[in-house]
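Structure assessment
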There are 2 protein chains.
Amino acid sequence: MSQPVEAFIDANRDRFLEELFALLRIPSISTLPEHVPDVAQAAGFVAEALKGAGVENVEIIPTARHPLVYGEWLHAPGKPTVLCYGHYDVQPPDPLEEWVTPPFEPAVRDGNIYARGSADDKGQMYMHIKAVEALRAASGTLPVNVKFLIEGEEEVGGASIAKFVGENAARLKADVGLVSDTSLYAEGIPTLCTGLRGLIYTEVDARGPAKDLHSGLYGGAAPNAVYALIELLAKAKSADGAIQVTGIYDDVTPPAPAEKSSWESLPFREEEFLKREVGASRLTGEPGYSVLERIWARPTLEVHGIAGGFTGAGAKTVIPAKATAKVSIRLVPRQDPDKVAGAFQEFVKANTPAGVQTEVRVLSASPAVLVDPGHPAIRTAAEAFQQVMGRPTVYIRSGGSVPIVGDFNRHLGIPTVMMGLGLPDDGLHSPNEKFRLENFYTGIKAIALFFERYGQTS
Amino acid sequence: MSQPVEAFIDANRDRFLEELFALLRIPSISTLPEHVPDVAQAAGFVAEALKGAGVENVEIIPTARHPLVYGEWLHAPGKPTVLCYGHYDVQPPDPLEEWVTPPFEPAVRDGNIYARGSADDKGQMYMHIKAVEALRAASGTLPVNVKFLIEGEEEVGGASIAKFVGENAARLKADVGLVSDTSLYAEGIPTLCTGLRGLIYTEVDARGPAKDLHSGLYGGAAPNAVYALIELLAKAKSADGAIQVTGIYDDVTPPAPAEKSSWESLPFREEEFLKREVGASRLTGEPGYSVLERIWARPTLEVHGIAGGFTGAGAKTVIPAKATAKVSIRLVPRQDPDKVAGAFQEFVKANTPAGVQTEVRVLSASPAVLVDPGHPAIRTAAEAFQQVMGRPTVYIRSGGSVPIVGDFNRHLGIPTVMMGLGLPDDGLHSPNEKFRLENFYTGIKAIALFFERYGQTS
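In this text, all values refer to a predicted model and were calculated from it rather than measured experimentally. (Residues numbered from 1 in each chain as written. Chains lettered and ligands numbered in written order. Predicted model: local features only at pLDDT ≥ 70, side-chain atom pairs only at ≥ 80, totals over all residues. Heavy atoms only, no water.)

Here's the deal with the overall build of chain A
Each helix and strand in chain A was counted, giving 14 helices and 18 strands. A globule of 458 residues ought to have a C-alpha radius of gyration of about 23 Å, and chain A, at 23 Å, matches this closely. Look at the contacts in chain A between residues 6 or more apart in sequence, and 80% of them connect residues 24 or more apart. About 15,700 Å² of surface is accessible on chain A, with carbon and sulfur atoms providing 52% of the total. Computing the positive centroid from 43 side-chain charges and the negative centroid from 56, chain A places the two 2 Å apart. (Helix = DSSP H or I, 4+ residues; strand = E, 2+ residues; numbered from the N terminus. Rg over C-alpha atoms; globule rule 2.2 N^0.38 Å. Contact = heavy atoms within 4.5 Å. Areas by Shrake-Rupley, 256 points an atom, 1.4 Å probe, with all protein chains shown as cover. Lys, Arg positive; Asp, Glu negative; His and termini not counted. Charge placed at Lys NZ, Arg CZ, Asp CG, Glu CD.)

Right, dumping it as structure tokens:
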């Protein structure tokens, strides 16, 4: 990028980091009701940061749940408009005891920022703001028009932003979206994500006896809600991980040959993935598919948590009356979330053991998305990324879902540049989540250069 | 019984109840470490109650966990000795929100005492003490010799009392045991229990990835500890409830024809059992066996609780690293607890899904027992029970386990009179546990008469 911009970024490294730390200290856990005030505080922090960067018409927009933060700078007539997205909410930090330093007391160790939200997504969202600040500070203007839309519900399904985007297409009109909520394929490899899995997230409840019963007096005759849920969920996947929900694979299409061969060319070491990232004795999943295919291009079903009966210390001999589980299905392109959610509800109904009632609540449903690497914005971003990092940009998919990318595509008709600076072992949603410190600055530079280059394309 | 004894019991109804309420107010939950002081307080209360009844050499005996309370009255030379057992510890009260009145604030409603431990076993244990008090108050002496051994670990496996009985056979020498920790077959039907199931209680842990992982980034390749435990436990029973642990049914023998036909003669209404007691849409269990056979004479496997992953409000997309379940197997006569525990551990090992480690911890293991209805003490108890309640005594089994009965049989070589005044719908181990108020007094009288009659048999 232009020398003054780079100089400004380098000169302000410490201040940028202090600001980010202040944001990371706010426990804006969107799924826990007791943290509603923290989420609101984080929204206020983001609004002030946008103003500080010279973004105009900054507004905190109330929603049915957590507020959106909007801002814009539109003084580059004839230049393209970039719609920058990020989220300031985070996942719960539990299990707390496994954090080396507290989740909301950011600390730098071995070149990493450790904190909940450091990579997902506060640290990455903040790169956009600092890139804009640097460009304006160095040149007094911006090479492109920018709009910011930052949410606080990404970790809980993003219902409010989806509704807002659907109802405000004109206000949000842009040429491309920019999201930094994904990862580099590996340290040092500039990476753009061109595909994301969708997600349906559900709660499954089971009810057996009217109340917990003594297993000595009723064991052998009374239905057990916990065991019924176990029997039911065990039928959801075959031993090798194939999902047993009827029709689940009907709309699944394999990746394009070119895409598949590019994945095969990536420096993927299964041993390392198993040992350094997963940390289990072996991997699992559908036979006949590579690991990358399984996590990028295949639907998967997971039970995220289960609870029921007595789980305190020691022994209690009850037949539990109630049990509940959190179950999600990841979706690949062309799968319809509502269709899959319906099929899962049918599956639960059909496989509920006798004597037990079950209910499925769908908490969220978002489709998978693909973007075209040939789009000028994607191409330009790839070139800028390559120049800043000094090697060719690779295109990958992510098994995760960023619902907003689908919303931008559906409601605004625009593709999204997914330029993420995370790393595969950042531990998103896990204890000791981290964000590589140097990638924070690299991201600010790459985004600034992308804006400069993209401004020159028209 | 003799008129003065009955008169004393009738004259002291209110005082007996107030004393019981004071005991029920002590939250002596033996499985929860934070209640250790309450358990100790309950032991002290029982010791004082024994002294108040005229029992001598009362002693609170420390153990590795919760204390035993011992006492004796041995001034009836040539008369038989009855070893009275009970327990002053209780199960945890959760789920708390389902109690109509608080579990440790005893309340009388529609002729029932509602409180945790009212029936299991404080209320019933207290009947023994009041029967002795009444006999001595009315006649200045006792028709039999009595020893009391009351524990505080019954709900957590009773390891200490088992050890104590094994090591103190001479001190505990008696002709028969007396336990009131079972139920009448139905309201108004004097009932002696002649068979109990045994129990092995275990915790099963599963470990998958080194830490919780993001299901988007790893779903399809990383093992899921919660799902692995679900897959494993689902294999433990067939759809119709038959246990799949190898050899589990090898030593199971059917009840004697006479026993079986007496069960068939009992006024059992499956519809009523289902609606009034179980409260589910239908019963479950092995086909080809009656409900009473299934709960009295067949081994059963239950999952009492399961926990793992994220179970808070809302959505968290983790692949859990850990999961745990509480699993027990009820045993019938001739099954060896250690053999069954070993077979279950083998089962878990053999069925642990790839990529996951499992561990089974056996928290307790006790065998089933049968007693001979022809024994003089049992016969005498049946006659006394019949006279007090005004109809013939029936003999049943219980699916629950009272480990001490096995210990008395094994170490002291004596049978036990299981004269319980509970009712099938007392809700042992459940919210709103109750004990029929009138049965409390009926029990005191039946036990007093049993002592008088039993003293005359020699």
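Re the state of the cysteines
Residues and elements named next belong to chain B. Across all of its chains, the model carries zero disulfides over all chains by this definition. For Cys 193, which is in no disulfide, the shortest distance to another cysteine sulfur is to Cys 84 and amounts to 17 Å. Of the residues examined, Cys 193 reaches a relative accessible area of 3% and is grouped as buried. (Disulfide = S-S within 2.5 Å. Buried < 20%, exposed > 50% of the residue type's maximum accessible area, 1.4 Å probe, protein only.)

Description of the environment of Ile404(B)
Residue and element names in this part refer to chain B. Mapped onto the secondary structure, Ile 404 falls in helix H13 (residues 403-412). Judged by its relative accessible area of 2%, Ile 404 falls in the buried class. Distance in space between the C-alpha atoms of Ile 404 and Asp 110 is 33 Å, their sequence separation being 294 residues. In this view, Ile 404 contacts Tyr 85, Ile 161, Val 165 and Val 179; residues no more than four positions away in its chain are not counted.

A closer look at the domain arrangement of chain A
Residues and elements named next belong to chain A. If you check the domain split of chain A, you get domain 1 (3-196 + 368-455) and domain 2 (198-252 + 299-366). Computed over C-alpha atoms only, the centres of domain 1 and domain 2 are separated by 35 Å. Tallying the contact residues gives nine residues for domain 1 and eight residues for domain 2. Taking both partners together, domain 1 and domain 2 bury about 600 Å²; carbon and sulfur atoms supply 58% of that area. Of all residues in domain 1, Ala 368, Leu 370 and Ser 401 bury the most surface against domain 2, accounting for 59% of the area lost on that side. (Domains from an automatic or database assignment. Buried area = accessible area lost by both parts, 1.4 Å probe.)

Some remarks on the interface of chain A and chain B
Counting residues at the interface gives 92 residues for chain A, matched by 92 residues for chain B. Taking both sides of the interface into account, the surface hidden between chain A and chain B amounts to around 7,500 Å²; carbon and sulfur atoms contribute 54%. Per-residue buried area on chain A facing chain B is highest for Tyr227(A), Ile306(A) and Lys316(A); these three make up 9% of the total on that side. The interface formed by chain A and chain B holds four salt bridges in total. Close ionic contact of Asp94(B) with Lys316(A) constitutes a salt bridge, the shortest N to O distance being 3.7 Å. (Salt bridge = Lys/Arg side-chain N within 4 Å of Asp/Glu carboxyl O.)

Concerning the relation of the copies chain A and chain B
Each copy superposes on the other: chain A lies on chain B with an RMSD of 0.0 Å after a rotation of 180° and an axial shift of 0.0 Å. On the angle and the small slide along the axis, the relation comes out as a two-fold axis. In this assembly, 100% of the residues forming the interface of chain A have copies in chain B that are likewise at the interface, indicating an isologous arrangement. (Least-squares fit on C-alpha atoms with pLDDT ≥ 70 in both.)

Structural notes on the pairing of strand E16 (residues 394-398) of chain B
Taken residue by residue, a regular strand's side chains alternate between the two faces of the sheet. Residue and element names in this part refer to chain B. The element E16 is largely enclosed, with a buried count of four among its five residues. Where strand E8 (residues 191-196) lies against E16, five bridges are found, and the strand directions are parallel. Each bridged residue has a counterpart across the sheet, and for Cys 193 the counterpart in E16 is Ile 396. (Pairing = 2+ DSSP bridges.)

Looking at the side chain of His214(A)
Turning to its location among the elements, His214(A) is positioned in strand E10 (residues 213-214). By relative accessible area, His214(A) is classed as buried at 9%.

Structural notes on the packing of helix H12 (residues 376-389) of chain B against helix H14 (residues 437-456) of chain B
Residue and element names in this part refer to chain B. Where H12 meets H14, the axes come as close as 8 Å, and the angle between the chain directions of the two elements is 135°. Put simply, H12 runs oblique to H14. Here the hand of the crossing between H12 and H14 comes out right-handed. Of the residues in H14, those touching H12 at Ala 377, Thr 380, Ala 381, Glu 383, Ala 384, Phe 385, Gln 387, Val 388 and Met 389 are Thr 442, Lys 445, Ala 446, Leu 449, Phe 450, Arg 453 and Tyr 454. A per-class count over the contact of H12 with H14 returns ten nonpolar, three polar and three charged. (Axes fitted to C-alpha atoms, helices over the stretch in contact; angles between N-to-C directions. Parallel < 35°, antiparallel > 145°, perpendicular 65-115°, else oblique. Left-handed = near helix turned anticlockwise from the far one by under 90°. Nonpolar A, V, L, I, M, F, W, Y, C, P; charged D, E, K, R; others polar.)

Description of the pattern of salt bridges
Residues and elements named next belong to chain A. Summed over all chains, the structure comprises 56 salt bridges over all chains. Among the ionic pairs, Glu 133 bridges to Arg 15, the shortest N-O distance being 2.6 Å. Note that Glu 133 is positioned in helix H4 (residues 122-139) and Arg 15 in helix H2 (residues 13-24), a separation of 118 residues in sequence. Under the relative-accessibility criterion, Glu 133 is labelled buried at 10%. Arg 15 gets classed as partly exposed once you look at its relative accessible area, which sits at 30%. Sharing partners across several salt bridges, the network here consists of Arg 269, Glu 272, Arg 276, Asp 425, Asp 426 and Lys 434.

With respect to the sheet that holds strand E18 (residues 434-436) of chain A
Residues and elements named next belong to chain A. On the basis of which strands lie adjacent, the open sheet formed by three strands has the order E4-E5-E18 and antiparallel pairing. Among the strands making up the open sheet, the edge pair consists of strand E4 (107-109) and E18. On average, each strand axis in the sheet is inclined to that of its neighbour by 30°, with strand direction left out of account. Looking at chain direction, strand E5 (residues 112-114) and E18 are connected through three bridges and run antiparallel. Opposite Asn 112, over in E18, you have Arg 436 as the bridge partner. Along the sheet, H2 makes contact with E4 and E5, crossing E5 at roughly 25°. Against the sheet, helix H14 (residues 437-456) engages E4, E5 and E18, with an angle of about 60° to E18.

Quick notes on the packing of aromatic side chains
For the coordinates displayed, the defined rule picks out 19 aromatic pairs over all chains. Taken together, a centroid distance of 6.3 Å and an interplanar angle of 15° make the contact between Phe344(A) and Phe347(A) stacked. One end of the pair, Phe344(A), and the other, Phe347(A), are both in helix H11 (residues 337-351), three residues apart, so they sit about a helical turn from each other. You'll find Phe344(A) and Phe347(A) in the same group, each marked buried. Three or more aromatic residues joined by ring pairs form one cluster here, namely Tyr218(A), Phe268(B) and Phe273(B). Here the basic side chain of Arg109(A) rests over the ring of Tyr114(A), its NZ or CZ set 4.0 Å away from the ring centre. The ring of Tyr227(B) has Lys237(A) sitting right over it, with the charged end atom 4.7 Å from the ring centre. (Phe/Tyr/Trp six-rings, centres within 6.5 Å; stacked < 30°, edge-to-face > 60°. Lys NZ or Arg CZ within 6 Å of the ring centre and 35° of its normal.)

Observations regarding the packing of H4(A) against H14(A)
All names here are of chain A. Closest axis-to-axis distance for the H4/H14 pair is 8 Å, and the angle between their directions is 50°. Taken together, the axes of H4 and H14 lie oblique to each other. Of the two elements, H4 crosses H14, and the hand of that crossing is right-handed. Residues Gly 123, Tyr 126, Met 127, His 128, Lys 130, Ala 131, Val 132 and Leu 135 of H4 pack against Asn 439, Phe 440, Gly 443, Ile 444, Ile 447, Ala 448, Phe 451 and Glu 452 of H14.

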